[in-house]
Amino acid sequence: MSILSRLNLRPHTFSAACRVHKNRTYSTQQHAFTDLDNAPIVQLVRRKLQERSKLQSETSEDRVSAEDVARIKKIKELEQLQHAWEEWTQVAKSLQETTPLLSDSDPAMRALAEEEHASLTQELSAMVETTFPRLLIPASSTAHMSALVELRSGVGGSESSLFLGEIMRMYLRVAGSYGWKASVLSRNETENGGIKDAILEVKGEGAYDILRWESGVHRVQRVPATEANGRVHTSTVSVMVLPTSEDSEPGKDEELFKMSDVRIEVMRARGAGGQHVNKTESAVRLVHDPTGITVSMQDERSQHQNKRRAFQVLRARLMDRKLEEEMAQRRAVRKNLVRSADRSEKVRTYNYAQDRVTDHRLGWSVMNLLSVMEGDALRDILQALEEKHGEEQLEELLTE
Amino acid sequence: MRRVASRLLHVLERVLDAESAVRELRWMQEVLAGPKPSPSTSTTLEDMVARRVRGEPLQYILGTQPFGPLTLLTRAPVLIPRTETEDWAHRLAEMRQPTRHKPLSVLDLCTGSGCIPLLLCSLWAPGSTHACGVDISEDAIKLSADNARANDIAIPEKGPLPPHEFRLRDRNTFTPLLGNIRDSAFVVASGLHPPFDIITSNPPYIPKREYDELPVSVKDFEDHRALLGDPDDTVPDGRGLTFYHTIAELLNSNKLLKCDGIVALEVGAGQARDVASIMENQGGMRHTRIWNDPWGKERVVIATN
């Protein structure tokens, strides 16, 4: 088995990073090592570690200056990479030692050497494929966050709101399969059993990072149940995935908004109120003046709970804005290859007649619509999107 | 199933606006999908809707009402906890941060479901809050005790906890007490241990004239003893202030409140100024403040020394 085919076993695993010259034929195993050793990511690792040793030589012995502290921090951050590199060097050395034995006169020795050589090569390519990328890609700042999934019906009227209900159930199911706790925070139902808009809360480690690629326009093509003459309609639902934390610490909010900027409004007149009225009037609306963001919440039976929920949504929307702004800034500073999700972009098509779901960013089609709606195939799509993101991040690193 | 729900929705829309009908129907469905809150809870959606159409309050039909982090049981005819009360009780809770080493005592007069003291017990630190709730209604006292148990708040076995025992407790406590606060002997008879740090009350405050005009869901289902501000026909002014006079007298004659204590009283529409002056003139309180409710109505009188 050639290295190339081994590298291609997992086409979605950082293929960009491990790009070796595909057209070459491998006459000797020596070439295999050279290709791995010349892979762009290995060069990047070298550069990083050169920087590290430079920093080490610059750090003064007593380690007191502010510059020293910064240097030590950077050195520390690259410590794991240094360890991985030491391992790489070890394995590479063993590989080099094995190579001459491949042409040994003793067939038994040759066989042994071939086996050894293959396993060492595999070890190196695993490092190129996964170990180095994992250590180089910066950790996600939202890795621990849960998600709010906002769904809004778009074009297509009642058909769109019927489809929204199905998309909502799809997310509830996929959340269950990941072991997350999902619930419907709010929903506006239509007369015909559809849903105009809804907000789901998906609680769990990593829920936001995995679901964030769902943001965008989801398009359905099918004959609506309400359509008498069997014509195929196209309708859309827009999805917005926002980051949220389990519980907000009071101090944390201040980074996102000032309490004095938020107007809390109750929905309707209540007459004399108090003991005079026992009708449930729990609806609340928050208006964040600086951004104009408005959140209405009325699904809970207690006003206090609605207020809590509304603040959770406000916080998530502001956090989302903040992340967007940070991304835009980074893009301005250096050429950022990591695409930001354009929320008005069509991300996926669900075609019922063809029993097909196409993800437009991956260029993939799943020829089993039900398995996407049931969550299994959606997980595959989500994983592919996450890997694509990893590749993009790595490409960005490599072009720095 | 959907057809049944849709038919029932139209039935509800005869008595409620469209949006409320959708929400109330969904809440009914959610209760039916979960464990039964009480034996009297309906088992069918048809039955629930029929009760609602007859004017029964939603909260009695559902059997519970959320109140901040608490889920309180609701049983006719005990007064249903109101949104306005939920709002100011949270605000009151923010005024103090008791700890197990600096605990507070709370007395709630006309406690009803127990919503106010139970909320304080749940918001304040464990072992920091020891509350008593007094009510004239046996139904209310039973319900408030059930609510304490349902929300994991301890009920002391031997009645009101004396202050020297506060520090021995690692949980907050609530003591429900049957008693008539207009009977001058009630403080002694109930075994209370004044003075208290916090005195709260949402006493009946609706004037007779307004009582007669109340919606069916209030007047025909909730206890008139929790609503009517002047229980005796003999009260001359008829402005619904009888209980505030009673509370002022209690404050004055029994040394019920600590010097640095707080009195928080819910009031009805247009009563705040009168109640504030009753507290100052008759109750001997030095300072009063008025809090508005979320609808901008004057709702609470806060009195301090």
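Calculation rules
Residues numbered from 1 in each chain as written. Chains lettered and ligands numbered in written order. Predicted model: local features only at pLDDT ≥ 70, side-chain atom pairs only at ≥ 80, totals over all residues. Heavy atoms only, no water. Helix = DSSP H or I, 4+ residues; strand = E, 2+ residues; numbered from the N terminus. Buried < 20%, exposed > 50% of the residue type's maximum accessible area, 1.4 Å probe, protein only. Core = buried A, V, L, I, M, F, W, Y, C linked by side-chain atoms within 4.5 Å. Contact = heavy atoms within 4.5 Å. Patch = residues over 30% accessible without salt bridge, like charges linked within 9 Å, V, L, I, M, F, W, Y side chains within 5 Å. Areas by Shrake-Rupley, 256 points an atom, 1.4 Å probe, with all protein chains shown as cover. Salt bridge = Lys/Arg side-chain N within 4 Å of Asp/Glu carboxyl O.

Per an unreviewed UniProt entry, chain B goes by the name S-adenosyl-L-methionine-dependent methyltransferase and belongs to Obba rivulosa.

Labelled according to an unreviewed UniProt entry, chain A appears under the name Release factor, originating from Obba rivulosa.

Draft legend 1. Layout of unusual backbone geometry. Residues and elements named next belong to chain B. Each neighbour pair has its own omega, and for Ala76 with Pro77 the value is 0°, a cis peptide bond. Tracing the backbone shows Pro77 in the loop between β2 (70-73) and α5 (83-93). Phi at Cys110 is positive, roughly 60°, even though this residue is not glycine. Structurally, Cys110 can be placed in the loop between β3 (104-109) and α6 (115-123). Assessed through its relative accessible area of 18%, Cys110 is described here as buried. You will see that Asp152, though not glycine, has its phi angle at about 60°, which is positive. When you line up the elements, Asp152 lands in the loop between α7 (138-150) and β5 (173-178).

Draft legend 2. Looking closely at the nonpolar core. Core analysis: the biggest nonpolar cluster contains 58 residues, and Val149, Tyr171, Tyr350 and Val372 of chain A have the highest contact counts within it. Setting aside chain neighbours within four positions, we find Val149 of chain A in contact with Tyr171, Ala198, Ile199, Leu200, Val202, Leu211, Val239, Met240 and Val241 of chain A. One finds Phe196, Val218, Val301 and Ala303 of chain B within the second-largest nonpolar core, a separate group that totals 41 residues.

Draft legend 3. Molecular detail of a nonpolar patch on the surface. Together, Leu101, Met109 and Leu112 of chain A make up a nonpolar patch on the protein surface, roughly 250 Å² of accessible area in all. The residue Leu112 of chain A is located in helix α6 (residues 107-136) in this model.

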